[in-house]
2 protein chains.
Amino acid sequence: MVAEPGQGDEVVTTPAEPPAVPHPADEPAVRERARAIPEAAVARLAIYLRALTELSEQGVGTVSSEELSIAAGVNSAKLRKDLSYIGSYGTRGVGYDVGVLIGQVERILGLTRNHSVAVVGIGNLGHALANYNGFPGRGFPVTALFDVDPDLIGVPVGGIPVDHIDDIPQVVADRDITIGVIATPPSAAQEVCDRLVSAGVQCILNFAPVVLQVPDHVEVRKVDLAVEMQILSFHVARRADEGSTESTAAGPDGAVNGTGMSEVDGMVMRP
Amino acid sequence: MVAEPGQGDEVVTTPAEPPAVPHPADEPAVRERARAIPEAAVARLAIYLRALTELSEQGVGTVSSEELSIAAGVNSAKLRKDLSYIGSYGTRGVGYDVGVLIGQVERILGLTRNHSVAVVGIGNLGHALANYNGFPGRGFPVTALFDVDPDLIGVPVGGIPVDHIDDIPQVVADRDITIGVIATPPSAAQEVCDRLVSAGVQCILNFAPVVLQVPDHVEVRKVDLAVEMQILSFHVARRADEGSTESTAAGPDGAVNGTGMSEVDGMVMRP
DNA sequence: ACTTGTGAATAATTTCACAGCA
DNA sequence: TGCTGTGAAATTATTCACAAGT
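The model shown is predicted, which means the values in this text are computed figures rather than measured ones.

## Details of the sheet that holds strand E11 (residues 219-222) of chain B
By definition, the strands of a sheet pair up through backbone hydrogen bonds, in either a parallel or an antiparallel sense.
Residue and element names in this part refer to chain B.
Part 1: Sheet architecture is open: 7 strands sit in the order E7-E8-E6-E5-E9-E10-E11, paired in mixed fashion. The open sheet has two free edges, formed respectively by strand E7 (156-157) and E11, since each of these has just one partner strand.
Part 2: Two strands pair when backbone bridges link them, and strand E10 (residues 203-206) and E11 are joined in this way by 4 bridges, in the parallel orientation. In the strand pairing of E11, cysteine 203 is matched with glutamate 219.

## Some points on the protein's contact with DNA strand D
Part 1: Around DNA strand D, 26 residues are found, and the nearest of them are Ser65, Arg80, Gly90 and Tyr96 of chain A together with Arg44 of chain B.
Part 2: Counting only the atoms of DNA strand D within 4 Å of the protein, the fraction contributed by sugar and phosphate is 58%.
Part 3: Between DNA strand D and the protein, one listed contact pairs a base nitrogen with a side-chain N or O atom of lysine 81 of chain A at 3.3 Å.
Part 4: Interatomic distance of 3.0 Å between a side-chain N/O atom of arginine 92 of chain A and a base oxygen of DNA strand D.
Part 5: Among the secondary structure elements, those contributing two or more residues to the surface near DNA strand D are helix H3 (76-86), strand E3 (90-91) and strand E4 (95-97) of chain A together with helix H1 (39-57) and helix H3 (76-86) of chain B.
Part 6: Counting residues per element, the surface near DNA strand D draws most heavily on H3 of chain B, at 4 residues.

## Some words on helix H4 (residues 98-108) of chain A
All names here are of chain A.
Part 1: Along H4, the positions that sit buried rather than exposed are Val98, Leu101, Ile102, Gln104, Val105 and Ile108. Buried residues in H4, looked at end-on, bunch into an arc of 170°, giving them a common side.
Part 2: The N-cap of H4, judged by a side-chain oxygen 3.1 Å from the amide nitrogen of glycine 99 a few residues on, is aspartate 97.
Part 3: Of the residues flanking the end of H4, it is glycine 110, one or two places downstream, whose phi is positive at about 70°.

## Here we look at the protein's contact with DNA strand C
Part 1: Close to DNA strand C lie 24 residues, the nearest being Arg44 of chain A together with Ser65, Arg92, Gly93 and Tyr96 of chain B.
Part 2: Interatomic distance of 3.2 Å between a side-chain N/O atom of arginine 92 of chain A and a base nitrogen of DNA strand C.
Part 3: Here tyrosine 96 of chain B contributes a side-chain N or O atom positioned 2.8 Å from a phosphate oxygen of DNA strand C.
Part 4: Mapped by element, the contributors of at least two residues to the surface near DNA strand C are helix H1 (39-57) and H3 of chain A together with H3, strand E3 (90-91) and strand E4 (95-97) of chain B.

What counts and how
Residues numbered from 1 in each chain as written. Chains lettered and ligands numbered in written order. Predicted model: local features only at pLDDT ≥ 70, side-chain atom pairs only at ≥ 80, totals over all residues. Heavy atoms only, no water. Pairing = 2+ DSSP bridges. Helix = DSSP H or I, 4+ residues; strand = E, 2+ residues; numbered from the N terminus. Near = heavy atom within 4 Å. Polar contact = N/O pair within 3.5 Å; in protein donor to acceptor, adjacent residues only side chain to side chain. Buried < 20%, exposed > 50% of the residue type's maximum accessible area, 1.4 Å probe, protein only. Arc of directions from axis to C-beta.

Shown next, in the form of structure tokens:
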């Protein structure tokens, strides 16, 4: 049963280059965005939402920050602080009304509307994604699929026929696509990204192990399996010499691997 | 072509709750782990490695922090700082030797050894993962697949026959599995996790939308598609009312950087 | 001339701890 | 009495900016 609450959550940060541009002087960092919810908090709100939804389904009507924080895998102080960014919807001495909180978090996350998703690159991963018809708690219906493979065009995957990427402008406009998911091989990712952006897509979820270049108004999130694996690898390694390093004090190096290289990299797909 | 270097990279951090357990007193935080590389830096090292590998394949022998940082989508100061955590392998006035740096980063990330991967839950995503035979640039070979569906047991997927999860202890030991990937439905995730941990797996990559409870010595990373989508959704929403809410105040000076941060993780599956 | 490596300055995030309200 | 909401402190991460090496 493994009881320890221990770790368990995760957070990823996408720093996003600051100015990046020559910079017209030292903008006093003004331009303060009113209700600035810390990025880190936004990511957790989505997690709280899941926990809340679960509670709601179980018929729970009220939760304390303590209970919810456990379900979400964070500590209660952080949870309260996060929730405080979106307003005060709790009742002192009591806790939060699950229904109310769900509504508020959804509002902040912009989940009151639907976001049509287009998946580009119908390979292994693309197939898997296409079959999440209407993602998790719904709200993110996959309504378009694209690829370049002539054998795939027209073939329905997960109920949706695959279109050729040349039709991106047309289809994105017609189906009001909000989010583009790139599941192509790395070599095609940037071009696909450019096409999506040209078609008006402002949100991209990138599974290709490539750093996409996009204009400032486009938001990119990346999911990189190889990176995740490597981070895990780092921790194994760390733990490994944590136990040994304890002996001698000097000569730790020696280990240097003479190897030449290797590569590494993240997910791939095949269009 | 979208030139701006803008955002584009990603980093993942796994805070890992602190004590969480009553804790046997207030460990003076001793046990100081010598070379403490910030979590955020570790995540980026994996990205640098990819960029370096690409450069190496292109025959590039030396890179400056400026060049590499652009390829990795971060700014050069951060890159240099990150690299400084692993040692001084650059040459002032010149840059870094690509081959040397690759070797060092791999060493730090523990990529000098292989990490056998087991995928549990052979549904859509599981299939996709199984087919990344030997992940990206190798180093993470998938050597075991598990599921509960009798129809799947014994069937080879991506060249590897599926075993029943009851065989986890046996197979994990025999094939020296280091990393367990959970691609099951959320309801089965915790149990599968417990079994993997019991079998000795210390690293888990979780695709199920669940907060796993694990003992302290186990490292968990989570990939949650729904969360990623919701974060994107948040940014669309924010941008939406940014346009309206902005009315007053000085001119819209359009320039404002589209911000960019982000965090997190997410993805789901269904077997 | 250039470019690294890094203290010091900033900024962001997390945690504390407690006043205030139900 | 119990739990939220939140300033303020602590911690962590990012950026600056420059001395030092080639």
